[in-house]
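# Inside the fold
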Amino acid sequence: MPAAALILIDIQTGFDAASWGERNNPDAEARAAALLSAWRARRDPVVHVRHVSTDPGNPLAGAGTRFKPQVAPVEGETVIEKSVNAAFIGTTLEDRLRGLGVRDLVLCGLTTPHCVSTTARMAANLGFSVRLAHDACAAFATNADMSWCGGEPMPPQAVHDAAVAHLHGEFAQALSVADLLEAPR
């Protein structure tokens, strides 16, 4: 059986824009890079997902679609482009994974409650086993809109923790990068 595929979701320069607001986990990219290094060393499948916004004013359009340097793809690694939250919608991701015989996924990226969560949920619903590298993900205060109840903005750590809690046990197993690197393939 093939090893788990590492899927790095939307780790792009567009998320450096100030308009996103306060962020948790400033080490997420470094931890994602550690996973990427291990997957490359083992020659296990790697998929880079890039969000290409169709809104020209969005930070994830134009130059904001560039991958952050510490996790940029190298020749031979799969790159999937999407314009919605789920990496499986309107892309070849599922076909590529199934073509490789991959059944197990390790996910990380930006942002925890949006594209990471949506992709994890869809992956589980499609029958993949999902492990979430929770400390290689991050969220922003702007990821949770509390205006529906007149509430104050949520701190980004609370946004992240809630997103991980909603996934863990039902759609994914949340693990640290350290635990993932120690686990058998």
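The notes below deal with the structure included here. Quick caveat: nothing in here was measured; it's all calculated off a predicted structure.

### Considerations on the pairing of strand β2 (residues 46–51)
Of all the 6 residues making up β2, 6 are buried; the element is thus mostly covered by neighbouring parts of the structure. The side-chain alternation of β2 yields two buried faces, one formed by V46, H48 and R50 and the other by V47, V49 and H51. Pairing between strand β1 (residues 5–9) and β2: 4 bridges, direction parallel. The residue of β2 that forms the bridge with I9 is V49. Once the chain exits β1 it traverses helix α1 (residues 28–42) before rejoining the sheet at β2, and the crossover so formed is right-handed. Looking at chain direction, β2 and strand β3 (residues 78–82) are connected through 5 bridges and run parallel. When the bridges of β3 are listed, V49 appears paired with I80.

### Concerning the sheet that holds β1
Read from one edge to the other, the open sheet built from 6 strands follows the order β3-β2-β1-β4-β5-β6, with strand pairing classed as parallel. On the outer flanks of this sheet lie β3 and β6 (173–175), each paired with one strand and no other. Mean inter-strand twist for the sheet, computed between neighbouring axes without regard to direction, equals 25°. Where strand β4 (residues 104–110) lies against strand β5 (residues 129–138), 6 bridges are found, and the strand directions are parallel. Paired with V106 across the bridge in β5 is R131. Packing of α1 onto the sheet brings it into contact with β1, β2, β4 and β5, and relative to β5 it is tilted by some 135°.

### Regarding unusual backbone geometry
The residue after L110, namely T111, is reached through a cis peptide bond having omega -15°. Tracing the backbone shows T111 in the loop between β4 and α3 (112–125). Not every positive phi belongs to a glycine, and N25 is a case in point at roughly 45°. Located in the positive-phi region is R43, a residue other than glycine, with phi close to 60°. Within the secondary structure, R43 sits in the loop between α1 and β2.

### Thoughts on α3
Those residues of α3 not exposed but buried are T112, C115, V116, S117, T119, A120 and A123. Two residues or fewer after α3 comes G127, characterised by a positive phi angle close to 100°.

### Description of the environment of P26
As for its position among the elements, P26 is in the loop between β1 and α1. Taking the C-alpha atoms as reference points, P26 and R103, 77 residues apart in sequence, are found 30 Å from one another.

### Remarks on the pattern of salt bridges
Enumeration according to the criterion identifies 9 salt bridges in this entry. Residue E77 pairs with R40 through a salt bridge whose shortest N-O separation is 2.7 Å. Here E77 is found in the loop between β2 and β3, whereas its partner R40 is found in helix α1, with 37 residues between them in sequence. Take E77: its relative accessible area is 16%, and that puts it in the buried class. Notably, a salt bridge pairs D44 with R42, separated by 3.0 Å at the nearest N-O pair. For R42, a relative accessible area of 25% gives the class partly exposed.

### A closer look at the packing of aromatic side chains
Per the counting criterion, the structure on display carries 4 aromatic pairs. With a centroid separation of 6.0 Å and an interplanar angle of 25°, the aromatic rings of F88 and F128 are classed as stacked. Taken together, the positions of F88 in the loop between β3 and α2 (93–99) and F128 in the loop between α3 and β5 put the pair 40 residues apart, joining distant regions of the chain. In this structure F88 comes out as buried when scored by relative accessible area, which is 8%. Every member of this aromatic cluster is reached through a ring pair, and the members are F15, W20 and F140.

Reading the values: rules and limits
Every chain begins its residue count from 1, and numbering advances along the sequence as written. In keeping with the model being predicted, local features are shown solely for residues with a pLDDT of at least 70 and side-chain atom pairs are shown and tallied solely at 80 or more, while totals for entire chains, interfaces and linings include all residues. No hydrogens and no water enter the side-chain calculation; it runs on all heavy atoms of the structure. Three exposure classes are used, based on accessible area relative to the maximum for each residue type with a 1.4 Å probe and protein chains only: buried under 20%, partly exposed in between, and exposed over 50%. Runs of E in the DSSP output that reach at least two residues are strands. Runs of H or I that reach at least four are helices, and both are numbered from the N terminus. Any two strands with at least two DSSP-identified bridges between them are counted as paired. With strands facing away from the observer, any crossover in which the path from the first strand over the helix to the second runs clockwise is taken as right-handed. An axis is simply a line fitted to the C-alpha atoms; with a helix, the fit covers only the stretch in contact. Between two such axes, the angle follows the N-to-C directions and lies from 0 to 180 degrees. Any pair of residues with heavy atoms lying within 4.5 Å of one another is described as a contacting pair. Take a side-chain nitrogen of Lys or Arg and a carboxyl oxygen of Asp or Glu: if they are within 4 Å of each other, that pair is a salt bridge. To pair, rings of Phe, Tyr and Trp, with the six-membered ring standing in for Trp, must have centres within 6.5 Å; the planes then decide the type, stacked if under 30 degrees apart, edge-to-face if over 60, and tilted in the middle.

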